[in-house]
Amino acid sequence: MPAPCAFTLSRQIPAVSPVYLNKTINSFVSNGKLQEARKMFDQSPHLTNIVSWNSLIKGYFKNKNIQHAEYLFDKMPQRDVVSWNTMLSGYRNANNPEKVYRCFLDMNRFGDVRANELTFAVAISSFLNLDFKHLIPQLHGLVICLGISLNVYVGSALMRGYVDLDDYVGLVRVFDEILDKDVTAVECVDFGTLINGYIENKKVNEARVVFDKMCEKDVVSWTAMIRGYVKDGDFMKGLELFKLMLNSGARPNHFTFSTVLDACAGYSAVLVGNQVHACILKSGFPLDVVLLTSLVDMYAKCGDIEVAFCIFESITVRNLVAWNSIIGGYARHGLAERAMQEFERMLKSGIRPDEITFINLVYACGHGGLVEEGERIFNSMVTEYGLKAEMEHYACMVDLYGRAGQLEKAEKLIDGMPFKPDVVVWGALLGACGLHSCLELGEIAANGIYTLEHDHPAVYSVLSKIYGDKGVRGDITGLDKLMKKWRATKQKASSWIESPSSIN
């Protein structure tokens with residue numbers, strides 16, 4: 001029988017090309033026929049290319065055969081970014097962040113390919129909720145250094161990472177950097193988290209924009225936005241938003257009420273505070289220590305210290321925050337003896353004071369003229385309780401000495417501070433100099449403020465008073481020139497009344 005010609009053979013056996021080989025291997029892998037894929041791969045070594053290797057490695061990972069995938073990857077004559085991404089994805093799907101970390105390092109140290117968006121998205125998502133999450137800011141920095149486009153996939157992974165780290169500043173920064181935002185970018189974190197991120201980053205207006213875009217607002221988002229205004233010191237907007245919340249039909253929880261009471265306290269809105277108190281009682285919420293403490297703080301800051309004390313006495317189990325609220329309330333009302341009595345009661349109850357407790361106590365002693373008691377309290381922070389005096393404690397001590405006319409002690413305390421005084425400390429000294437018409441030290445305090453804040457309006461008022469008290473009229477003209485140079489403006493007097501408008 002004659003041998004068939006070449007033409008006849010070519011029609012009987014299909015020509016195998018790299019494209020056909022890769023298509024067939026990929027089909028076997030997709031259908032779970034890994035042995036057939038490997039057999040065809042081994043029988044055609046001259047036709048295999050980087051696509052063939054990547055497909056087979058993917059198949060081994062899909063079949064949970066990590067050892068074979070690693071062996072094949074190590075034998076690859078050439079690798080591209082898909083090869084590395086396949087390994088990273090395989091390790092991630094196998095819940096092996098340690099190997100993701102090692103593979104990512106090897107790619108950047110020894111690989112001759114450049115990481116892309118998918119590389120970072122896979123790596124970042126591998127480290128969420130794990131000990132490796134501290135690497136997320138470093139990966140973010142690497143994305144920026146390499147000029148990687150922060151698309152929605154990389155951005156979403158980074159956002160989830162920063163949420164995991166409780167880093168709201170980083171969260172907002174990533175969201176702002178995402179080039180093409182869509183619903184996926186927002187869905188990776190809930191709206192409430194994003195609002196909190198903007199608030200923590202002191203971007204309340206941006207938080208409100210996100211809040212207003214929400215189709216359905218729950219109590220968490222309402223409370224977060226109200227809290228943002230309160231934290232920013234815009235108490236009126238917080239109260240206005242609370243009114244909108246009630247009109248929308250949303251039901252506040254005890255966190256909402258606590259936040260709104262903080263707004264009432266900050267704005268000294270006792271009438272609104274009374275209405276919120278009534279709302280709490282009508283709503284039937286259990287009066288836990290959080291709500292009761294907020295009520296104590298609100299009534300104390302709004303001027304009704306006796307009601308604040310009555311509510312405080314109704315708290316069955318008092319925590320440190322509750323004690324600090326009543327002590328601080330008495331301090332603001334100048335009732336130093338009452339503040340000290342509550343402090344003694346707190347110690348007897350077994351509650352240990354913190355830094356805020358001592359700020360309240362020293363402040364109370366300053367307004368009550370108890371200099372020696374204030375010194376004892378201040379020194380006991382370190383000697384008895386092992387607490388470190390912060391800037392606020394020094395400011396209260398300067399105020400204490402200043403009110404008592406002991407300006408030399410105030411100056412000596414400032415000179416001995418372990419850190420440079422801030423505007424509040426210098427302001428306390430300047431206020432004391434104005435009270436006792438001390439020109440020389442007043443000018444030192446004024447210069448101290450100027451170095452930190454060029455246009456502080458109180459400087460002009462206090463120095464003018466001191467010059468007037470001393471009869472140094474010629475210096476007032478010089479002060480006017482100096483203040484023009486400093487670009488300061490005189491403090492304008494103002495007054496306010498609370499509108500009795502209802503929140504219902």
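Below is a short write-up of the structure. As the structure is a prediction and not an experimental result, all values here were calculated from the model.

Cut-offs used in this document
- Residues numbered from 1 in each chain as written.
- Predicted model: local features only at pLDDT ≥ 70, side-chain atom pairs only at ≥ 80, totals over all residues.
- Heavy atoms only, no water.
- Phe/Tyr/Trp six-rings, centres within 6.5 Å; stacked < 30°, edge-to-face > 60°.
- Helix = DSSP H or I, 4+ residues; strand = E, 2+ residues; numbered from the N terminus.
- Buried < 20%, exposed > 50% of the residue type's maximum accessible area, 1.4 Å probe, protein only.
- Axes fitted to C-alpha atoms, helices over the stretch in contact; angles between N-to-C directions.
- Parallel < 35°, antiparallel > 145°, perpendicular 65-115°, else oblique.
- Contact = heavy atoms within 4.5 Å.
- Nonpolar A, V, L, I, M, F, W, Y, C, P; charged D, E, K, R; others polar.
- Expected span 1.5 Å × (residues − 1).
- Arc of directions from axis to C-beta.
- 1 Å grid on protein atoms, 1.4 Å probe; cavity = no way out; pocket = protein on both sides within 12 Å on 5 of 7 lines; lining within 4 Å.
- Points joined across faces, edges and corners; volume = space filled by probe spheres on them.

## Looking at the packing of aromatic side chains
Each aromatic ring pair is characterised by the separation of its centres together with the angle its planes make.
No. 1: Across all of its chains, the model carries 16 aromatic pairs by this definition.
No. 2: Their ring planes at 80° and their centres at 5.5 Å tell us that Phe 61 and Tyr 91 sit as a pair that is edge-to-face. Taken together, the residues span a long stretch of sequence, with Phe 61 in helix H4 (residues 50–62) and Tyr 91 in helix H6 (residues 81–93) at a distance of 30 residues. For the pair Phe 61 and Tyr 91, a shared accessibility class is recorded, and that class is buried.
No. 3: Ring geometry for Phe 104 against Phe 120: centres 5.7 Å apart, planes inclined by 70°, an arrangement best described as edge-to-face. Linking Phe 104 in helix H7 (residues 97–110) with Phe 120 in helix H8 (residues 117–126), this pair joins segments that are 16 residues apart in sequence.
No. 4: The exposure class assigned to Phe 104 is buried, which follows from its relative accessible area of 8%.

## Considering the packing of helix H17 (residues 254–267) against helix H19 (residues 289–301)
No. 1: Contact geometry for H17 and H19: axes closest at 8 Å, N-to-C directions at 10°. By the angle between their axes, H17 is roughly parallel relative to H19. Judged by residue contacts, His 254, Phe 257, Ser 258, Leu 261, Asp 262, Cys 264 and Ala 265 of H17 engage Val 290, Leu 291, Ser 294, Leu 295, Asp 297, Met 298 and Lys 301 from H19.
No. 2: For the contact of H17 with H19, the residue count by class is eight nonpolar, three polar and three charged.

## Considering helix H2 (residues 18–30)
Structurally, the α-helix is built with 3.6 residues per turn, so residues lying three or four positions apart point the same way.
No. 1: Between its terminal C-alpha atoms H2 stretches 18 Å, which fits the 18 Å expected from 13 residues at 1.5 Å a residue.
No. 2: Listed in full, the buried residues belonging to H2 are Leu 21, Asn 22, Thr 24, Ile 25 and Val 29. Taken around the axis of H2, the buried residues stretch over an arc of 165°, which confines them to a single face. Exposed side chains of H2 directed beyond 90 degrees from the buried face belong to Val 19 and Lys 23.
No. 3: Those residues of H2 that are buried are in contact with helix H3 (34–43) and H4.
No. 4: Gly 32 sits one or two positions beyond H2 and adopts a positive phi of about 75°.

## With respect to the layout of surface pockets
No. 1: Quantified by volume, the largest pocket comes out at close to 390 Å³.
No. 2: Along the wall of the largest pocket there are 16 residues; nearest its centre are Thr 293, Asp 297, Lys 301, Val 321 and Ser 325.
No. 3: Secondary-structure elements contributing two or more residues to the lining of the largest pocket are H17, H19, helix H21 (320–332) and helix H23 (355–368).
No. 4: Among the elements that line the lining of the largest pocket, the one with the most residues is H19, at six residues.
No. 5: A per-class count over the lining of the largest pocket returns four nonpolar, eight polar and four charged.
No. 6: As a volume, the second largest pocket reaches approximately 250 Å³.
No. 7: Around the second largest pocket, the lining residues are Lys 58, Phe 61, Lys 62, Lys 64, Ile 66, Thr 86, Ser 89, Gly 90, Asn 93 and Ala 94.
No. 8: Mapped by element, the contributors of at least two residues to the lining of the second largest pocket are H4 and H6.
No. 9: Examining the composition of the lining of the second largest pocket, we find that four residues originate from one element, H6, more than from any other.

## Section: helix H16 (residues 235–248)
No. 1: When the terminal C-alpha atoms of H16 are compared, their 20 Å separation across 14 residues agrees well with the 20 Å that a helix rising 1.5 Å per residue should span.
No. 2: Turning to H16, its buried residues number three or more, namely Phe 235, Gly 238, Leu 239, Leu 241, Phe 242 and Met 245. For H16, the angular spread of the buried residues around the axis is 160°, confining them to a single face.
No. 3: On its buried face, H16 sits against helix H14 (204–213), helix H15 (219–231), H17 and helix H18 (270–283).
No. 4: Positive backbone phi, at 95°, marks Gly 249, one or two positions downstream of H16.

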